[in-house]
Amino acid sequence: MIRQALAIAMIAAMPIHPAGAEPPAPAEVTAGRTTIVLPDTVHYSAAERAILALERQRSARIAAHDTTWLATLYAPDFEAIVGNGRRIQREDLFQIFSRDDPSSRFAIDELAVRAYPGAATVTGRLRMLDGSGAVLTESRYTHVYIEHQRHWWIVRAQATAVPAAPHLRVANDSPRRS
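Within every chain, residues take consecutive numbers counted from 1 along the sequence as written. Restriction of local features to residues with pLDDT of at least 70 applies here, the model being predicted, together with a cutoff of 80 or more for giving and counting side-chain atom pairs; totals for whole chains, interfaces and linings are based on all residues. Remark: hydrogens and water are excluded; side-chain values derive from all non-hydrogen atoms of the structure.

Take the overall build of the protein chain next. To qualify as a helix, a DSSP run of H or I must reach at least 4 residues; to qualify as a strand, a run of E must reach at least 2; elements of each kind are numbered from the N terminus. From N to C terminus, the protein chain includes four helices and eight strands. Each helix (α) and strand (β) of the protein chain, taken in turn from the N terminus, gives the series α-β-β-α-α-β-β-α-β-β-β-β. Across the 178 residues of the protein chain, 30% fall into the buried class. Every residue pair with non-hydrogen atoms within 4.5 Å of one another is taken to be in contact. In the protein chain, the share of contacts with a sequence separation of at least 24, taken over all contacts with a separation of at least 6, comes to 45%. Here the open area of atoms and residues is found with the Shrake-Rupley method and a 1.4 Å probe, where only the protein chains shown may cover a residue. Summed over all atoms, the accessible surface of the protein chain reaches about 12100 Å², with 57% contributed by carbon and sulfur. Buried, partly exposed and exposed residues are distinguished by accessible area as a fraction of the type maximum, computed with a 1.4 Å probe on protein chains only: under 20%, between the cut-offs, and over 50%, respectively.

Rendered as structure tokens:
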């Protein structure tokens, strides 16, 4: 009886696709020069959806070098720790945004938004791509938002550089025991 119930539960949990069909691909949007793979937002709260919309606008405004709009998103006391471990302030970040290479393209995936009373976090993976789509750099990041007087601000950010894939060992990387 338990096996039968377990089998029924497993079958019910399986996605239904026509024979041979792949599950639907995640939705992708382009904001500025960034392709963003959107997360499944079915269970997102209104606040989480609002933060996701801000993240999409942020990417477009960075590409447009719109620091006036970005100054309404990044708090005046914003601070970040970038991939090399250095701390930077909002003005430093805006200088970085203003000198980027207009031919570069970006991809964001593994995006997740979590909202809490008066705060939210965004995590994701950012890759910079060359003209052929090859990955030049990759990092994982976190943005911390606070809500103040019904306005969301990014107050902190952190990025971790990810080593290039050829340097990663995938198989047999468990320690050996004698």
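The discussion continues.
Strand order in the open sheet formed by eight strands is β1-β2-β5-β6-β7-β8-β3-β4, with mixed pairing between adjacent strands. Taken across any chain shown, the strands that pair with only one partner, and hence form the sheet edges, are β1 (28-31) and β4 (87-89). The mean inter-strand angle of the sheet, taken between neighbouring strand axes irrespective of direction, is 25°. The pairing of strand β2 (residues 34-37) with strand β5 (residues 105-116) spans three bridges and is classified as parallel. Paired with I36 across the bridge in β5 is I108. Against the sheet, helix α2 (residues 46-63) contacts β1, β2, β3 (74-81), β5, β6 (119-129), β7 (135-148) and β8 (151-161), and its axis sits at roughly 155° relative to β5. Between the N-to-C directions of two axes lies an angle of 0 to 180 degrees, each axis being a line fitted to C-alpha atoms and, for a helix, fitted only over the stretch in contact. The sheet contacts of helix α4 (residues 90-98) involve β3 and β4, and relative to β3 the element is tilted by about 75°. Following DSSP output, two strands are said to pair if at least two bridges run between them.

Now for the layout of surface pockets. Any empty space left between the atoms is revealed when a probe the size of a water molecule rolls over them. Buriedness of a pocket was judged along seven lines, with at least five required to meet protein on both sides within 12 Å; pockets are open sets of points on a 1 Å grid over the protein atoms alone, cavities are sets where a 1.4 Å probe fits but cannot get out, and lining residues have an atom within 4 Å of a point. Grid points are joined across faces, edges and corners, and a volume is the space filled by probe spheres set on the points. Taken as a whole, the largest pocket encloses approximately 1200 Å³ of empty space. Together, 44 residues line the largest pocket, and I96, F97, F106, L126 and S139 are the ones closest to its centre. Every element with two or more residues in the lining of the largest pocket is listed here: α2, β3, α4, β5, β6, β7 and β8. Of the residues forming the lining of the largest pocket, the biggest block, seven residues, is contributed by β7. Of the residues belonging to the lining of the largest pocket, the class tally is 25 nonpolar, ten polar and nine charged. Each residue is assigned to one of three groups, with Ala, Val, Leu, Ile, Met, Phe, Trp, Tyr, Cys and Pro labelled nonpolar, Asp, Glu, Lys and Arg labelled charged, and all others, Gly among them, labelled polar.

Among the nonpolar cores identified, the biggest contains 30 residues, and I51, Y74 and Y145 are the most heavily contacted of them. Excluding residues within four positions of it along the chain, I51 makes contact with V113, A120, V122, Y145 and W152. What we call a nonpolar core is a set of buried Ala, Val, Leu, Ile, Met, Phe, Trp, Tyr and Cys residues that are connected through their side-chain atoms within 4.5 Å.

A pair is scored as a salt bridge if a Lys or Arg side-chain nitrogen falls within 4 Å of a carboxyl oxygen belonging to Asp or Glu. Taken as a whole and assessed by the stated rule, the structure comprises eight salt bridges. For R87, the salt bridge goes to E79, with nearest N and O atoms at 3.8 Å. Classification of E79 by relative accessible area gives buried; the value is 19%. Within this structure, D109, E110, R125, R127, E138 and R140 form a network of salt bridges that share partners.

What follows is about the packing of aromatic side chains. Side-chain rings of Phe, Tyr and Trp (the six-membered ring for Trp) are treated as a pair once their centres are within 6.5 Å; stacked means planes under 30 degrees apart, edge-to-face means over 60, and tilted covers the remaining angles. Under the defined criterion, the tally for this structure stands at five aromatic pairs. Taken together, the ring pairs in this structure connect Y74, F78, F94 and F97 into an aromatic cluster.

Looking at the element boundaries, A159 is found in strand β8. Put simply, A159 and H143 are 16 residues apart on the chain and 8.9 Å apart in space, counted from C-alpha to C-alpha. Not counting residues up to four positions away in its chain, the partners in contact with A159 are I81, V82, G83, R140 and Y141.

Position of Q158 relative to the elements: it lies in strand β8. Residue classification places Q158 among the partly exposed positions, given a relative accessible area of 33%. Sequence separation of Q158 and T142 is 16 residues, and the distance between their C-alpha atoms is 5.3 Å. Aside from chain neighbours lying at most four places away, what touches Q158 is I81, R140, Y141 and T142.

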